[in-house]
Amino acid sequence: MTQVTASPGVATAEFPPPVPSRTPQLLRRLQVVVALAVLIAGAVSVWVISDLRNDLAAAPNLAQQYARLGQVQHSLTRAADLAARSVVAGQNPQGSAAVAANKEVATANGLLIAAAKDRPQDADALTTLSRGLLDYSVNIHAAAGASRATALPLLADAADQLDHLTSQIDTLQKQLSTEAQARPWSQGSPAALLVALAVIAGIGWVSWVLAHRSHRVLNVGLVAAAVAVLVVLGMTTAAQGAASAASDTSRNVQFTHVVNATAAVTELDTAQHVLTTAVLTQAWTTSSGSAYSKAFDAASAAADRESLAGLKTFDQAKTSLATQMTKGDWTAASTSLLSGDAKGLNEAADAFRDRADAVVSSATATAADEPQSARSGLILQLVIAIVLAVAGAALGVIGIDRRLREYR
């Protein structure tokens, strides 16, 4: 039997080669996961804050547009009233009331053009309104300064057209009110919170895996990444609160002031036109009295909500006029209607409108300023959120990298 011996200098393998550790590969993957998760949390917060800024940018248009439509309605009613007064006064088409009536129609048309430019989403409805305004202007122009016999049928047609135009304006204003009461999704969205919690939970799981592999409880880099996510979440929540407060000021508080003051003027215009029409047609009927009372009561209710004074003086002047019309003294009624006395119908109405216009101007200015101030403040929060997200992702990667070096 021949004995086989190992050649000198040749080592015999007594143990199998060690299996390469998979931990470095796992840690590299965890680095990618942590970095992406933190950046995603930051991206969601940036998205929410950007959406808030976009919403605030549109907020001032609502109050301003509502007020502008109220001015359009005032000009339309005022035009009919002035045209009727020009007839009562016996003016020709070049008379002051007749000229003023046509100017009011032109003013209304200019306001509609401005409204379409300011809010293109309302352009279709405003275009339809402009077409109706064109037909209305034809009747007003023909009636202003004409004889009573010529003017009465023209103003009757204009009254029907005015009702239709008023209905269209009312529809647009209701749409603006609905939009003003709505809340943008980002102000009440849980997206940033849910994503942040998911990311923090993911970082917690990565920390557990790291602790299990390295036998160290805490990883400073991962803790810093989690803190960065929490800070970004806190900033997003603060941004939502600031935007909500500014939006409430613009969309609710100031918008409500505009609605009340505009309604008071609109209803007063209607009440005054009822009286003018009664003198023009020389007919003060029960239905005329009811129409006046309905409009005046609505104007008073809206004025009370804004503490606007002056309607009592107007109603006192109306009482004197109504007494003359009830007696059939149309000469005296015409004189009262056209009077420029300080306590007369026209002066009282104009003084009240001035007060209401001051409320509208103040409210629209505040409605524009508050959201813009909040929107400017969100820029800093937007930048900080981006910086924190990038820093958190970097710190998470560095924290895992320190453990990764132990396996090199």
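Because the structure is a prediction, the values reported are computed rather than measured.

### Describing the nonpolar core
And step 1. Counting 75 residues, the largest nonpolar core has Leu76, Tyr136, Ile140, Leu155, Phe314 and Met325 as its most contacted members.
And step 2. Val46, Ala196, Ala246 and Ala385 belong to the second largest nonpolar core, which has 35 residues in total.

### Structural notes on the side chain of asparagine 260
And step 1. Structurally, asparagine 260 is set in helix α7 (residues 220-281).
And step 2. Take asparagine 260: its relative accessible area is 7%, and that puts it in the buried class.
And step 3. Within the structure, asparagine 260 has its side chain in polar contact with the side chain of arginine 305 (distance 3.0 Å).
And step 4. Filtering out sequence-adjacent residues up to four positions away, asparagine 260 remains in contact with Ala302, Arg305 and Glu306.

### Examining unusual backbone geometry
And step 1. In this model, glutamine 282 sits at a positive phi of 55°, which is unusual for a non-glycine residue.
And step 2. Here glutamine 282 is to be found in the loop between α7 and α8 (286-305).
And step 3. Although it is not a glycine, serine 307 adopts a positive phi angle of roughly 55°.
And step 4. By the element assignment, serine 307 lies in the loop between α8 and α9 (311-327).
And step 5. Classification of serine 307 as exposed rests on a relative accessible area of 68%.

### Looking at the packing of aromatic side chains
And step 1. Summed over all chains, the structure comprises 3 aromatic pairs.
And step 2. A centroid spacing of 5.2 Å and a plane angle of 70° characterise the contact between tyrosine 66 and phenylalanine 255, whose relative ring orientation is edge-to-face. Separated by 189 residues along the polypeptide, tyrosine 66 in helix α1 (residues 23-88) and phenylalanine 255 in helix α7 bring together distant segments of the chain.
And step 3. In this structure phenylalanine 255 comes out as buried when scored by relative accessible area, which is 5%.
And step 4. Geometrically, the ring pair formed by phenylalanine 296 and phenylalanine 314 is stacked, given 6.4 Å between the ring centres and 15° between the ring planes. Note that phenylalanine 296 is positioned in helix α8 and phenylalanine 314 in helix α9, a separation of 18 residues in sequence. An identical accessibility class is assigned to phenylalanine 296 and phenylalanine 314; each is buried.
And step 5. By way of ring pairs, the aromatic residues Tyr292, Phe296 and Phe314 are connected into one cluster.

### A word on the pattern of salt bridges
And step 1. One pass over the full model with this rule turns up 8 salt bridges.
And step 2. Residues aspartate 118 and arginine 68 are paired through a salt bridge, measuring 3.6 Å at the closest nitrogen-oxygen approach. In this pair, aspartate 118 is assigned in helix α2 (residues 96-118) and arginine 68 in helix α1, connecting sequence segments 50 residues apart.
And step 3. Taken together, the salt bridges that share partners define one network made up of Arg78, Asp269, Asp350 and Arg353.

### Points about a nonpolar patch on the surface
And step 1. Where nonpolar side chains cluster on the molecular surface, the patch consists of Leu218, Val223, Val227 and Val231 and spans about 330 Å² of accessible area.
And step 2. Note on placement: leucine 218 falls in the loop between α6 (191-214) and α7.

### Examining the packing of α7 against helix α11 (residues 345-405)
And step 1. Relative orientation of the contacting elements α7 and α11 amounts to 170°, with a least axis distance of 8 Å. On the basis of the axis angle, α7 is roughly antiparallel to α11.

### Here's the deal with the packing of α7 against α9
And step 1. Interaxial distance between α7 and α9 falls to 11 Å at its minimum, and their mutual angle equals 15°. Overall, the two elements α7 and α9 adopt an arrangement that is roughly parallel. In this structure, the crossing between α7 and α9 has a hand that is left-handed. Between α7 and α9, the residues in contact are Leu268, Gln272, Leu275, Ala278 and Val279 and Leu311, Phe314, Lys318, Leu321 and Met325, respectively.
And step 2. Across the contact of α7 with α9, the residue classes tally to 8 nonpolar, 1 polar and 1 charged.

### Side note on the confidence of the model for the protein chain
And step 1. Residue-level pLDDT values for the protein chain average 88, and 90% of them are 70 or greater.
And step 2. Within the protein chain, α8 carries the highest mean pLDDT (96), whereas helix α5 (residues 185-188) carries the lowest (46).

The rules behind the values
- Residues numbered from 1 in each chain as written.
- Predicted model: local features only at pLDDT ≥ 70, side-chain atom pairs only at ≥ 80, totals over all residues.
- Heavy atoms only, no water.
- Core = buried A, V, L, I, M, F, W, Y, C linked by side-chain atoms within 4.5 Å.
- Buried < 20%, exposed > 50% of the residue type's maximum accessible area, 1.4 Å probe, protein only.
- Helix = DSSP H or I, 4+ residues; strand = E, 2+ residues; numbered from the N terminus.
- Polar contact = N/O pair within 3.5 Å; in protein donor to acceptor, adjacent residues only side chain to side chain.
- Contact = heavy atoms within 4.5 Å.
- Phe/Tyr/Trp six-rings, centres within 6.5 Å; stacked < 30°, edge-to-face > 60°.
- Salt bridge = Lys/Arg side-chain N within 4 Å of Asp/Glu carboxyl O.
- Patch = residues over 30% accessible without salt bridge, like charges linked within 9 Å, V, L, I, M, F, W, Y side chains within 5 Å.
- Areas by Shrake-Rupley, 256 points an atom, 1.4 Å probe, with all protein chains shown as cover.
- Axes fitted to C-alpha atoms, helices over the stretch in contact; angles between N-to-C directions.
- Parallel < 35°, antiparallel > 145°, perpendicular 65-115°, else oblique.
- Left-handed = near helix turned anticlockwise from the far one by under 90°.
- Nonpolar A, V, L, I, M, F, W, Y, C, P; charged D, E, K, R; others polar.
- pLDDT = per-residue confidence, 0-100.

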